[in-house]
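Observations on the three-dimensional arrangement
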Amino acid sequence: MLNNIGLPGLLLIAVVVLVLFGRGKISSLMGEVGKGITAFKRGVKDGTEEIEKGVTEAARDVTPQAEKDKV
């Protein structure tokens, strides 16, 4: 159904949306979408760093000091 829209259909949809919501509402909506995408990317980056930090902490040397002296 959606693969038959084409360029004229998309332009018609854009014009209808612009008429219904107005330019100011659409620009503010797009600004909110941009903020949401930025927050999502930041969250993914923070999560990745947290996972890498956890892996690094798990990989540290936990050999007791007495056994280190024997070697």
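Quick note: structure is the one above.
Every value quoted in this text rests on a predicted model; they were computed, and no experiment measured them.

Here we come to the overall build of the protein chain. Secondary structure summary: the protein chain contains three helices and zero strands in total. Taken from the N to the C terminus, the helices and strands of the protein chain come in the order α-α-α. For the protein chain, the residues scored as buried account for 1% of the 71 residues in total. Accessible area of the protein chain: about 6,600 Å², with a carbon and sulfur share of 66%.

So, on to a negative patch on the surface. Among the surface-exposed residues, Asp46, Glu49, Glu50 and Glu52 lie close enough to one another that they form a single negatively charged patch. Relative to the assigned elements, Glu49 resides in helix α2 (residues 23–58).

The next subject is helix α1 (residues 6–21). Taking 1.5 Å per residue as the helical rise, α1 with its 16 residues ought to reach 22 Å, and the 23 Å between its terminal C-alpha atoms agrees with that figure. Positive phi shows up at Gly22, right after α1, with a value of about 85°.

Calculation criteria
- Residues numbered from 1 in each chain as written.
- Predicted model: local features only at pLDDT ≥ 70, side-chain atom pairs only at ≥ 80, totals over all residues.
- Heavy atoms only, no water.
- Helix = DSSP H or I, 4+ residues; strand = E, 2+ residues; numbered from the N terminus.
- Buried < 20%, exposed > 50% of the residue type's maximum accessible area, 1.4 Å probe, protein only.
- Areas by Shrake-Rupley, 256 points an atom, 1.4 Å probe, with all protein chains shown as cover.
- Patch = residues over 30% accessible without salt bridge, like charges linked within 9 Å, V, L, I, M, F, W, Y side chains within 5 Å.
- Salt bridge = Lys/Arg side-chain N within 4 Å of Asp/Glu carboxyl O.
- Lys, Arg positive; Asp, Glu negative; His and termini not counted.
- Charge placed at Lys NZ, Arg CZ, Asp CG, Glu CD.
- Expected span 1.5 Å × (residues − 1).

Purely spatial values, then, with no claim about function.
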